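# Summary of structural features
Each chain is listed here by its residues.
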Amino acid sequence: MGLVLFTVMIVVPILEITVFILVGRYIGLWPTLVCIVLTALIGTVIIRFQGIGLIATARKSIAAGEAPVGEVLQGLALLVAGALLITPGFITDTLGFLLLIPPLRRRLAVGLVAQATRRAEVRVHAAGTGAGAGPRARSDVIIEGEWQEVEPAGAEPPAPGRGWGKSEVAPADGGAPDLPPARRAGG
């Protein structure tokens, strides 16, 4: 990741400046500046039209009950293309225009999905499975989160001092049944 960041922040601007100088020598200063502005304008118009078409395709996918994964990835490619086209430079403009080619964009999206699928790893461990297995017996991964008990539909509320599906009775000291002793006493 560090090498990629170094390349983007240092090498690309140096290459862009070199290309500016070479193109400026060949066609002159003003035509070079006009080319930079025109590529940005043309790119934004193309991105707008392709983005509108992509949104329509995504809506059709959603209406058909399909996840618009490809459309989302192509939209991300359009976003990157827009950033590249707005950035002044002939190299970034070339990369941005390449991302505007729909077949190339689709191929890139398919490649990203394939790579993510190859790298994806899902593990599910049920607590208490196997002999003597406790909740952390199979994995040391802890997933923290908040939870809330939801009343089952049509069920009678529990008796005072009992929770849904709990069998313990209220503590003898009259405190809340599920709180540690320090919390029951108000501390």
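Above this text sits the structure in question.
On a predicted model such as this, the values are computed, not experimentally measured, just so you know. (Residues numbered from 1 in each chain as written. Predicted model: local features only at pLDDT ≥ 70, side-chain atom pairs only at ≥ 80, totals over all residues. Heavy atoms only, no water.)

This part takes up the overall build of the chain. When you go through the chain residue by residue, the secondary structure sums to six helices and zero strands. Overall, the chain shows an N-to-C arrangement of helices and strands of α-α-α-α-α-α. Looking at the chain residue by residue over its 187 residues, the buried ones come to 17%. Accessible area of the chain: about 14400 Å², with a carbon and sulfur share of 67%. (Helix = DSSP H or I, 4+ residues; strand = E, 2+ residues; numbered from the N terminus. Buried < 20%, exposed > 50% of the residue type's maximum accessible area, 1.4 Å probe, protein only. Areas by Shrake-Rupley, 256 points an atom, 1.4 Å probe, with all protein chains shown as cover.)

Taken as a whole and assessed by the stated rule, the structure comprises one aromatic pair. Geometrically, the ring pair formed by F20 and F90 is edge-to-face, given 5.8 Å between the ring centres and 65 degrees between the ring planes. Taken together, the residues span a long stretch of sequence, with F20 in helix α1 (residues 2-27) and F90 in helix α4 (residues 90-99) at a distance of 70 residues. Judged by relative accessible area, F90 falls into the buried class, the value being 18%. (Phe/Tyr/Trp six-rings, centres within 6.5 Å; stacked < 30°, edge-to-face > 60°.)

Compared with an ideal rise of 1.5 Å per residue, which puts 35 residues at 51 Å, helix α2 (residues 29-63) spans 51 Å between its outermost C-alpha atoms and is within 8% of the ideal. Positive phi appears at G65, one or two residues downstream of α2, with a value of about 80 degrees. (Expected span 1.5 Å × (residues − 1).)

Next up on the list: the side chain of T39. Along the chain, T39 turns up in helix α2. A polar contact is formed between the side chain of T39 and the side chain of D93, at a distance of 2.6 Å. When sequence neighbours within four positions are dropped, the list of residues in contact with T39 reads L85, D93 and F97. (Polar contact = N/O pair within 3.5 Å; in protein donor to acceptor, adjacent residues only side chain to side chain. Contact = heavy atoms within 4.5 Å.)

In this section: the packing of helix α3 (residues 69-86) against helix α5 (residues 102-119). The geometry of α3 relative to α5 is characterised by a closest axis approach of 9 Å and an angle of 115 degrees between their N-to-C directions. Crossing of α3 over α5 shows right-handed handedness. Contacts between α3 and α5 pair V69, G70, L73, Q74, A77 and L78 from the former with R105, R106, A109, L112 and V113 from the latter. (Axes fitted to C-alpha atoms, helices over the stretch in contact; angles between N-to-C directions. Left-handed = near helix turned anticlockwise from the far one by under 90°.)

Right, let's talk about the nonpolar core for a bit. One finds I47, L54, A77, L78, A81, L85, L99 and L100 forming the largest nonpolar core, which totals eight residues. Among the elements of the structure, α2 and α3 are those that each provide at least two residues to this core. Counting residues per element, this core draws most heavily on α3, which supplies four residues. Dropping the residues within four chain positions of it, A77 is found in contact with L99 and R105. (Core = buried A, V, L, I, M, F, W, Y, C linked by side-chain atoms within 4.5 Å.)

Let's shift gears to the side chain of E16. Considering the arrangement of structural elements, one finds E16 in helix α1. Within the buried set, E16 has no salt-bridge partner at all; the shortest N-O distance to an opposite charge, 16 Å, is to R25. Only 2.7 Å separates the side chain of E16 from the backbone nitrogen of T92, close enough to count as a polar contact. If near-sequence neighbours (up to four positions away) are discounted, E16 is found in contact with P88, G89, F90, I91 and T92. (Lys, Arg positive; Asp, Glu negative; His and termini not counted. Salt bridge = Lys/Arg side-chain N within 4 Å of Asp/Glu carboxyl O.)

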